[in-house]
Each structure stands twice: as structure tokens, then as C-alpha cells.
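Listed below, chain by chain, are the residues.
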Amino acid sequence: LLVAALVFVLFTQPGAQLGVRIASAIRDGMVPASGIEGSLWGPLKVQQLKIGVAAADIEIDNAELDADFTQLARRRLDVARLHATRVTAALKPGAPQEPPPSQEGAITQLPLALAVRDARVGTLVVTPASGEPITIDDIALAVSWVGDHVVVEHLAANTPWVGRAQIDGLAILHPDAI
């Protein structure tokens, strides 16, 4: 029965819709989604997704995800495509935080290997809790993260500060430096 339920959620559009409704219910309605097409097996399209967390309210419009979730058992996630036409994040005011001790709090490794082949966002709007919105357009990213090595194959965006910016490279992450 459990296998049948898992197959239903992963491989069917009604299953994907049910999975999103369950996720929203678990998070007390903090993850509503609409316009779900496809399956979690991929590709999955979501017309609008809203995520409410303590630090921000996030809205994602016209998202598409195509990932190989079968590799999760091997502690690997391959994302072939992750696209959204618009992402808005309204940051919430929070209590000032003290910096973490030198070895704690820094993300130097993920619990799995991650490869993102083609991620794109048409427009990203970030609104600080007490400030003007910052808009970054035409974001494109191809990246992999294995252990403490992050390889940025391509990152490009139109920024309000320098116009079109592009970078690529390798970073080795340490708790106190890159």
C-alpha cells in the first residue's frame, strides 16, 4: 500500500497535486500552490507557489522543475531544469542575531551532492524589511556542489549595480573562508 501511494504521488499529476496539498497542510497552510501540471517525477510545472517562513514571504510564478529524484538514495540530486518567470521575496524584520562561533553556522557541505544544469529566473525581486525593492533580471545558473567544492559553471544576471554580470569558477568552502 505504501509503495502504491508513493508511485501515485511521484508519477501522476493528481498525486503531485495531493503531495503539494499535504506539504501545505503540514506547514499549516504556509505553502499554497496553484496550477500544478505534471508529476514530481518530472517535469513538474507550478503556476504559483507561495512560501511563508519566519524570515520571508516568497512567491514563485510559473515554475518548472525537472530533477532526477531517483538519485536521492545515493545522496545526490541532479536538477536538469529549474525555471521561474518571477520570484519575489519580502524579508521580514527580525531580532538581531549574534555571529555564530567560528566553526558553527557556516554551510560548507550539503548532506548530498547537488548538480543544477539549467536554472533560470526571469525576474527576482527582494524587498528588505525596511527598504526599497532590489530587482535582478535574467538570472542563469549552472552549478555543482560536492563536499566542500562548489563549481560555478555559469552564473549571469542583469543587476542594478553593474548591469550584466557573469562569473564562473571553483570555490572550496571553509567555515571561515572561501
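Scroll up to find the structure.
Residues numbered from 1 in each chain as written. Predicted model: local features only at pLDDT ≥ 70, side-chain atom pairs only at ≥ 80, totals over all residues. Heavy atoms only, no water.

Visitor: Mind laying out the environment of A54, listing which residues take part and the relevant values?
Guide: Considering the arrangement of structural elements, one finds A54 in the loop between β2 (44–52) and β3 (56–68). The exposure class of A54 is exposed, given its relative accessible area of 74%. It is 8.4 Å that separates the C-alpha atoms of A54 and G94, two residues lying 40 residues apart in sequence. (Helix = DSSP H or I, 4+ residues; strand = E, 2+ residues; numbered from the N terminus. Buried < 20%, exposed > 50% of the residue type's maximum accessible area, 1.4 Å probe, protein only.)

Visitor: I'd like a description of the environment of A80, backed by residues and values.
Guide: Relative to the assigned elements, A80 resides in strand β4 (residues 76–91). Between the alpha carbons of A80 and V116 there is a distance of 6.2 Å; along the sequence they are 36 residues apart.

Visitor: Provide a residue-level description of unusual backbone geometry, including the pertinent values.
Guide: Phi angles above zero are rare outside glycine, and R75 is one such case at about 60°. Positionally, R75 belongs in the loop between β3 and β4. Classification of R75 by relative accessible area gives exposed; the value is 54%. A positive phi angle, close to 50°, is found at D138, a residue other than glycine. For D138, a relative accessible area of 38% corresponds to the partly exposed category.

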